[in-house]
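This is what each chain is made of:
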Amino acid sequence: MRVGICGLGDRMGYLANVFPKVIPDFNLVAYADPSPTGFRRMSQDQIRKMRSYADLQPMLDKENLDLLMIGSPNLFHCDQLCTALANGQKIFCEKPIVTTEDETFRLLDELRKHGTDQVMVGLVLRYAPLYQDLVELAQGDKLGSIISIEASEHIPPVHGAFFFRDWRRKTSMSGGFMLEKCCHDLDLYAGLVQARPRRVASFGGRSFFDEQNKSLDGEHVYNRWPATWNRTESSFSGDTDIVDHQVALIEYCNGVRLCFHTNVHTPDAFRRFCVIGSKGMAEGDFVRGFLKVHNAISRECILDSSYKNEGMSMHYGAEEKMANDLSEHLYKGTPLPVSVLDALEAGLTAIKIDQSRERGQVLDLTELWQRFDDTVGL
């Protein structure tokens with residue numbers, strides 16, 4: 001399998017190590033990136049074998065690729081996806097795959113022409129063993145009808161500071177924090193309840209990573225992670241428009257309600273959930289690695305599982321599973337647990353949550369989903 005990378009950043013450099021260990025004949029032959037930063041994750045042998053290009057189109061013109069992997073900054077994804085689709089290319093794209101509502105519908109137009117099966121997405125948490133066990137519990141009726149969900153993604157200061165020095169600090173480049181970081185979580189819970197959001201509301205702001213705390217610049221925790229492209233030197237420069245904390249409320253089309261909270265300055269980080277159903281309750285944490293289920297009537301704990309983040313994975317054991325499923329899909333046509341349409345729906349949800357925060361309004365998404373279905377031809 002001849003593979004090319006567009007946007008060879010840290011994430012793609014990491015996946016370049018994981019995928020060859022799982023996918024047969026995975027052979028990196030080229031990359032398109034004027035300033036690659038992901039080499040530190042790769043072997044010297046891999047780097048030597050790759051031909052370099054400054055832009056995507058010249059690489060597509062000269063290389064006969066079986067798979068293109070897109071890992072560039074978010075603002076470039078839509079153009080690169082449309083270019084690759086027009087070239088008949090099979091694609092794996094990191095999340096989020098677009099950054100705006102307009103880009104969503106532009107990509108939907110292209111997918112209608114070229115087929116949604118041409119694009120695979122890096123919503124890696126769908127592959128996490130803990131999440132897959134949660135879905136199996138729900139499908140096995142251990143929870144009954146899901147009533148409501150409380151969920152959070154709380155991020156440690158070292159990671160949060162990185163967002164405010166990196167290109168992700170600008171909504172014009174990242175699409176905003178909710179889209180860039182929390183589209184994983186929005187996708188997970190939409191996948192669990194099997195419904196789209198009907199209404200959203202949100203509040204949030206930036207209360208820590210701002211110029212008021214610039215005296216903390218000397219603390220190593222706020223400078224430890226290296227930022228590269230379009231960086232600023234201080235996490236407290238004020239050169240940003242993203243939030244450092246946010247709450248969101250979602251009412252799904254089937255009546256399930258979700259309360260979600262994120263904060264990027266959490267010393268003891270966690271990524272947890274509590275799913276409450278008519279027959280039982282499931283609570284778990286991806287970071288702390290547990291899943292517990294209690295029966296609603298007896299209150300008995302009917303499941304108490306623990307999970308270890310072992311092997312190569314950066315996301316709770318999900319990367320190896322994602323690579324394996326991608327291999328089965330590419331070689332055997334086996335369906336994947338998450339699609340490009342799922343990714344676009346999660347992205348639109350994040351975009352509308354931010355619009356609700358900015359406008360101070362509850363937003364009804366009914367007409368949005370009708371337009372979505374009409375555009376893609378569903």
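Residues numbered from 1 in each chain as written. Predicted model: local features only at pLDDT ≥ 70, side-chain atom pairs only at ≥ 80, totals over all residues. Heavy atoms only, no water.

A. Representation of the pairing of strand β13 (residues 290–295) in the model. Taken together, the six bridges between strand β12 (residues 280–285) and β13 define a ladder with antiparallel strand orientation. By the bridge assignment for β13, G280 is matched with N295. Where β13 meets strand β14 (residues 301–306), five bridges bridge the pair, whose relative direction is antiparallel. The residue bridging V293 from the neighbouring strand is L303, located in β14. Counting the residues between successive antiparallel strands, the hairpin from β13 to β14 contains five residues, one of them, R299, with a positive phi of roughly 65°. (Pairing = 2+ DSSP bridges. Helix = DSSP H or I, 4+ residues; strand = E, 2+ residues; numbered from the N terminus.)

B. Fine view of the side chain of K352. Structurally, the position occupied by K352 is in helix α11 (residues 340–359). By relative accessible area, K352 is classed as buried at 11%. For K352, the side chain forms a polar contact with the side chain of E101, separated by 2.8 Å. Setting aside chain neighbours within four positions, we find K352 in contact with E101, V200, L363, L365 and L368. (Buried < 20%, exposed > 50% of the residue type's maximum accessible area, 1.4 Å probe, protein only. Polar contact = N/O pair within 3.5 Å; in protein donor to acceptor, adjacent residues only side chain to side chain. Contact = heavy atoms within 4.5 Å.)

C. Just the state of the cysteines, in detail. Counted according to the given criterion, the structure contains zero disulfides. In this structure C93 is a free cysteine whose sulfur lies 9.1 Å from that of C6, the closest cysteine sulfur available. Between C182, a cysteine without a disulfide, and C183, which holds the nearest cysteine sulfur, the sulfur-to-sulfur distance is 8.1 Å. (Disulfide = S-S within 2.5 Å.)

D. View of the sheet that holds strand β2 (residues 27–32). With respect to topology, six strands assemble into an open sheet ordered β3-β2-β1-β4-β5-β6, the strand pairing being parallel. Each having just a single partner strand, β3 (51–53) and β6 (119–121) make up the two edges of the open sheet. Each strand axis lies, on average, 25° off the axis of its neighbour in the sheet, ignoring direction. In terms of strand pairing, strand β1 (residues 2–6) meets β2 through five bridges, oriented parallel. The residue of β2 that forms the bridge with V3 is L28. Its contacts with the sheet place helix α1 (residues 10–22) against β1, β2, β4 (67–70) and β5 (91–93), and it is angled at close to 140° to β4. Strands β4, β5 and β6 of the sheet are contacted by helix α10 (residues 318–332), whose axis makes an angle of about 165° with β6. (Axes fitted to C-alpha atoms, helices over the stretch in contact; angles between N-to-C directions.)

E. Structural context of the packing of helix α4 (residues 77–86) against helix α5 (residues 101–114). Here α4 crosses α5 at 10°, and the two axes come no closer than 10 Å. With respect to α5, the element α4 is oriented roughly parallel. Side by side, α4 and α5 meet where C78, D79, L81, C82, L85 and A86 of the first sit next to E103, R106, L107, E110, L111 and H114 of the second. (Parallel < 35°, antiparallel > 145°, perpendicular 65-115°, else oblique.)

F. Quick peek at unusual backbone geometry. Note that the residue after K95, namely P96, is joined by a cis bond; omega there is -20°. Take P96: it is sitting in the loop between β5 and α5. Its identity as a non-glycine residue notwithstanding, Q194 has a phi of 55°, on the positive side. Within the secondary structure layout, Q194 lies in the loop between α9 (177–193) and β8 (197–205). Even without being a glycine, N230 presents a positive backbone phi close to 55°. The residue N230 is located in the loop between β8 and β9 (245–252) in this model.

G. Here's a closer look at the environment of G218. Of note, G218 is situated in the loop between β8 and β9. The class for G218 is exposed, based on a relative accessible area of 72%. For the pair G218 and I23, spaced 195 residues apart in sequence, the C-alpha separation works out to 43 Å.

H. Just the packing of α5 against helix α12 (residues 366–376), in detail. At their nearest, the axes of α5 and α12 sit 8 Å apart, and the two run at 30° to each other. Accordingly, the angle class assigned to the pair α5 and α12 is roughly parallel. Contacts between α5 and α12 involve E101, T104, F105, L108, D109 and R112 from the first element and L368, R371, F372, D374, T375 and V376 from the second. When grouped by side-chain class, the residues that make up the contact of α5 with α12 number five nonpolar, two polar and five charged. (Nonpolar A, V, L, I, M, F, W, Y, C, P; charged D, E, K, R; others polar.)

I. Region of the structure containing the packing of aromatic side chains. One pass over the structure, following the stated rule, counts 18 aromatic pairs. When the centroid spacing of 6.0 Å and the interplanar angle of 80° are considered together, the rings of F209 and Y222 count as edge-to-face. Highlighted residues: F209 in the loop between β8 and β9 and Y222 in the loop between β8 and β9, separated in sequence by 13 residues. We classify Y222 as buried; its relative accessible area is 8%. Seen from their ring centres, F209 and F236 are 5.4 Å apart, and the 20° between their planes marks the pair as stacked. In this pair, F209 sits in the loop between β8 and β9 while F236 sits in the loop between β8 and β9, placing the two residues 27 residues apart along the sequence. Comparing F209 with F236, the two get one shared label, buried. In this structure an aromatic cluster arises from ring pairing among F164, F208, F209, Y222 and F236. Of note, R272 hangs over the ring of F270, and the distance from its end group to the ring centre comes to 3.8 Å. Here the guanidinium or amino end of R371 rests over the ring plane of F105, the centre of that ring lying 3.6 Å away. (Phe/Tyr/Trp six-rings, centres within 6.5 Å; stacked < 30°, edge-to-face > 60°. Lys NZ or Arg CZ within 6 Å of the ring centre and 35° of its normal.)

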